[in-house]
Amino acid sequence: MKGTADAITMALDQTVKKILESMGLATREDIAGLEKRVVKLEIRAAKAPAKKKAAARKPAKKAAAKKRAKKS
């Protein structure tokens, strides 16, 4: 009886896993991998030297409007 229950459980697990994958949901492993990447990026960002702020820029000049020729 235990062998049958295990087989049913494995079949259900596989079916649920396929359904969740088809829905595009993230797995625990996916989330754990992303969390590790975020921690590494945060550490790198903390170690990186601070960038100087750019000097205030003047707004770009607008092009002069062209005058239309009068129709006779």
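None of these values were measured; they are calculated from a predicted model.

Asks: Talk me through the overall build of the protein chain; I want residue IDs and the actual numbers.
Replies: For the protein chain, the count of helices and strands is two helices and zero strands. Accessible area of the protein chain: about 8,300 Å², with a carbon and sulfur share of 60%.

Asks: Give a description of helix α1 (residues 2-23) that names residues and reports values.
Replies: Each α-helix winds once per 3.6 residues, and so residues spaced three or four apart point in a common direction. Under the 1.5 Å per step criterion, the end-to-end length of α1 is 32 Å for 22 residues, consistent within 8% with the ideal 32 Å. Positioned one or two residues after α1, G24 has a phi angle of 80°, which is positive.

Asks: Residue-level account of helix α2 (residues 28-47), with values.
Replies: The end-to-end C-alpha separation of α2 is 29 Å, in line with the 28 Å expected for 20 residues at 1.5 Å each. Buried residues are scarce in α2, accounting for zero of its 20 residues.

Rules behind the numbers
- Residues numbered from 1 in each chain as written.
- Predicted model: local features only at pLDDT ≥ 70, side-chain atom pairs only at ≥ 80, totals over all residues.
- Heavy atoms only, no water.
- Helix = DSSP H or I, 4+ residues; strand = E, 2+ residues; numbered from the N terminus.
- Areas by Shrake-Rupley, 256 points an atom, 1.4 Å probe, with all protein chains shown as cover.
- Expected span 1.5 Å × (residues − 1).
- Buried < 20%, exposed > 50% of the residue type's maximum accessible area, 1.4 Å probe, protein only.

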